[in-house]
Amino acid sequence: MCGIVGYAGPVPGGEADGGGLAVVLEGLRRLEYRGYDSAGVAVVADGQLLTAKRAGRLARLVEALEVAPLPATATAIGHTRWATHGAPTDANAHPHVSEDGRLAVIHNGIIENYAVLKAELQAQGVVFTSQTDTEVAAHLLGRAHAELGDLGEAVRAVCRRLEGAFTILAVSADAPGTVVGARRSSPLVVGVGDGAHYLGSDVAAFIAHTRDALELGQDQVVEITAGAAVVTTFEGEPALARPFTVDWDAAAAEKGGHPWFMDKEIHEQPRAVADTLLGRSDASGALVLDEMKIDEAVLRRADKIIVVACGTAAYAGHVAKYAVEHWCRIPVEVELAHEFRYRDPILTERTLVVAISQSGETMDVVMAVRHAREQGAKVLAVCNTQGSTIPRESDAALYTHAGPEVAVASTKAFLSQITACYLLGLYLAQLRGNMFADEVREVLRHLQAMPDAVQTVLDRAEDVRKLARELADSRSVLFLGRHVGYPVALEGALKLKELAYLHAEGFAAGELKHGPIALVEEGQPVFVIVPSPHGRDSLHAKVVSNAQEVRARGARTIVIAEDGDDAVLGSADVVLRVPRVPTLMAPLVTVVPLQVFAMEVATAKGLDVDQPRNLAKSVTVE
Ligand code: M6R
């Protein structure tokens with residue numbers, strides 16, 4: 001939530017060199033998926049602090065800057081907001097400026113003690129001009145800077161007073177050439193360029209300029225100038241930041257000819273699955289997970305797995321539960337991270353917690369990870385983002401290699417999370433002796449065939465697009481599935497809700513007769529995810545019956561079924577075909593038509609597919 005960019009570099013060379021302002025606007029364009037309620041920039045030029053900010057999308061700020069340009073500069077910060085405190089107005093947009101107008105702050109997160117700090121400042125005569133929690137930081141920093149005479153010292157002093165989760169960046173007219181950043185439980189990475197340094201909520205902020213980055217730790221402050229990045233603790237002690245190299249480039253974060261990032265990311269799914277599987281076996285075919293830094297003895301002893309995640313990542317965990325329990329015979333609980341944290345879960349040293357997160361920054365998951373570790377459980381992160389908080393705070397990390405996911409709706413991350421969790425399940429089964437080596441190899445072979453199967457579904461997507469255009473005016477759409485098809489139904493409904501603003505519900509098909517079937521009325525579209533008839537026969541037959549039951553009550557059934565499964569024909573108004581794959585692999589193909597459907601309904605309704613209303617890509621507040 002909220003995108004943050006900072007730049008300290010050389011003084012611009014000529015008119016064509018937009019300097020820091022151009023770098024920051026470019027960074028904001030790439031970070032806009034993190035929040036798009038408002039955008040703003042602050043620059044330091046010729047001993048002055050200048051700002052511009054606008055409610056609405058970044059494009060409104062860019063238009064405003066065309067009318068009233070800011071000078072090219074060597075020092076700039078920029079912000080794109082997902083509103084927490086105060087409506088998305090010009091006044092509440094960041095940056096916020098100190099009383100004397102010489103210092104500007106941008107912020108991501110929530111300052112939990114802002115009310116106390118605000119009252120204190122108001123009692124001292126400070127007049128507030130916004131409803132944000134951020135403005136207290138601007139006034140406190142302005143005063144601290146005037147008193148201490150050093151921007152880094154001022155940021156450290158103020159951070160020691162702030163409670164909650166925050167990333168802040170500050171620039172001052174009295175500290176030209178310097179940007180100071182600080183983080184507590186909120187993301188901030190440093191880009192190391194050639195004679196320039198960058199700050200960003202994630203590496204996309206500076207990927208056009210450098211792939212060399214530094215991962216900041218908790219409660220750290222970084223002061224960047226053109227020539228250096230100096231990291232300290234909030235107390236001013238020197239601190240180390242871990243260097244890393246980003247494994248994708250700027251082209252990966254462009255639309256590449258697709259109408260939406262989501263469309264591009266859906267089409268990248270075969271690659272995302274293949275890359276997540278790369279290099280996971282040794283010469284003998286045995287599964288190796290190099291990143292698995294948790295002691296084998298601990299993994300052998302584990303008597304329970306708890307998956308913590310939110311949204312789509314939680315549904316990936318839900319799919320994985322079926323496979324991991326089947327292969328490893330360990331009970332797997334799947335829990336929404338925000339519920340887990342507050343229900344006093346039973347955790348022991350024998351519990352393995354698996355935290356799944358594309359961004360690695362979802363605050364609910366961060367809090368769940370901390371809680372689990374405090375209680376003595378081991379935590380493994382399944383994550384797509386290097387340098388992010390969740391893998392850093394976990395005992396080990398298993399990376400998905402999906403590349404940057406920019407669209408707010410998660411797609412390729414879902415497939416790669418399932419793939420990574422399956423690798424984990426197989427690894428545990430191999431380690432604990434639940435499966436023979438040849439059994440593990442066979443499942444790996446099935447997994448390795450999945451990129452082609454997903455590609456086959458994509459090649460057939462035109463039927464889904466047509467159907468979406470026909471059904472775009474539906475009031476409500478239901479999704480039914482059993483076994484691994486159940487989380488797929490939940491995911492199909494989530495996609496439609498978040499992208500097309502349509503009422504959509506996913507149900508376990510067996511639950512239908514316990515209430516939800518009352519929702520079915522004449523013409524009601526119902527997607528039914530049918531398992532393979534080559535798997536458990538009773539499972540297939542039961543789902544086909546469920547399709548018949550809703551159809552008999554007037555529903556228009558859209559059945560997702562395997563090639564050659566003619567048993568569904570009598571209960572389907574529309575059949576969407578997927579290739580034949582083993583039952584546990586089916587989610588990797590059956591979810592794809594649902595993703596395409598949601599994207600196309602939203603497109604047909606004229607909605608912004610990549611940036612749906614009220615949402616942001618990374619949910620970095622609880
Ligand atoms: O970055 P994460 O995987 O932790 O994000 C979790 C959810 O916020 C995310 O999957 C969300 O549900 C998506 N917008 C769904 O498309």
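Parameters and conventions
Residues numbered from 1 in each chain as written. Predicted model: local features only at pLDDT ≥ 70, side-chain atom pairs only at ≥ 80, totals over all residues. Heavy atoms only, no water. 1 Å grid on protein atoms, 1.4 Å probe; cavity = no way out; pocket = protein on both sides within 12 Å on 5 of 7 lines; lining within 4 Å. Points joined across faces, edges and corners; volume = space filled by probe spheres on them. Nonpolar A, V, L, I, M, F, W, Y, C, P; charged D, E, K, R; others polar. Near = heavy atom within 4 Å. Polar contact = N/O pair within 3.5 Å; in protein donor to acceptor, adjacent residues only side chain to side chain. Helix = DSSP H or I, 4+ residues; strand = E, 2+ residues; numbered from the N terminus. Pairing = 2+ DSSP bridges. Contact = heavy atoms within 4.5 Å. Axes fitted to C-alpha atoms, helices over the stretch in contact; angles between N-to-C directions.

### Notes on empty space enclosed by the protein
Then, in step 1: Scanning the entire structure with this criterion turns up 6 cavities of 30 Å³ or more.
Then, in step 2: For the largest cavity, the lining is made up of 13 residues, of which Val484, Gly485, Ile529, Pro531 and Ala586 are closest to its centre.
Then, in step 3: Partitioning the lining of the largest cavity into residue classes produces 7 nonpolar, 5 polar and 1 charged.

### Things to note about the site of the ligand
Then, in step 1: Near the ligand, the surroundings consist of 14 residues, among which Ser357, Gln358, Ser359, Thr362 and Glu498 are the closest.
Then, in step 2: Taking Gln358, its main chain carries an N or O atom lying 2.7 Å from an oxygen atom of the ligand.
Then, in step 3: For the ligand, an oxygen atom lies 2.7 Å from a polar atom in the side chain of Ser359.
Then, in step 4: For the shell around the ligand, the elements supplying multiple residues, two or more each, are helix H9 (311-328) and helix H16 (485-500).

### Some points on the sheet that holds strand E6 (residues 103-111)
Then, in step 1: Judged by pairing direction, the sheet is antiparallel, and its 6 strands sit side by side in the order E5-E6-E7-E8-E12-E13 without closing on themselves. Taken across any chain shown, the strands that pair with only one partner, and hence form the sheet edges, are strand E5 (96-97) and strand E13 (229-233).
Then, in step 2: As judged from the 2 bridges shared by E5 and E6, these two strands associate in the antiparallel manner. Counterpart to Val97 in the pairing with E6 is Ala104.
Then, in step 3: Strands in contact with helix H4 (residues 134-148) are E5, E6 and strand E7 (164-172); relative to E6, the strand with the most contacts, it is inclined by about 135°.

### A short note on the sheet that holds strand E22 (residues 525-529)
Then, in step 1: Strand order in this open sheet of 5 strands is E21-E20-E22-E23-E24, and the pairing throughout is parallel. Every interior strand has two partners, whereas the edge strands, strand E21 (503-508) and strand E24 (574-578), have only one. Looking at each pair of strands side by side, their axes are set apart by 20° on average, direction ignored.
Then, in step 2: By the bridge criterion, 5 bridges tie strand E23 (residues 556-562) to E24 in an arrangement that is parallel. Residue pairing for E24: Ala561 is matched across the bridge by Arg577.
Then, in step 3: Against the sheet, H16 makes contact with strand E20 (476-481), E21 and E22, and its axis sits at roughly 175° relative to E21, the strand it touches most.

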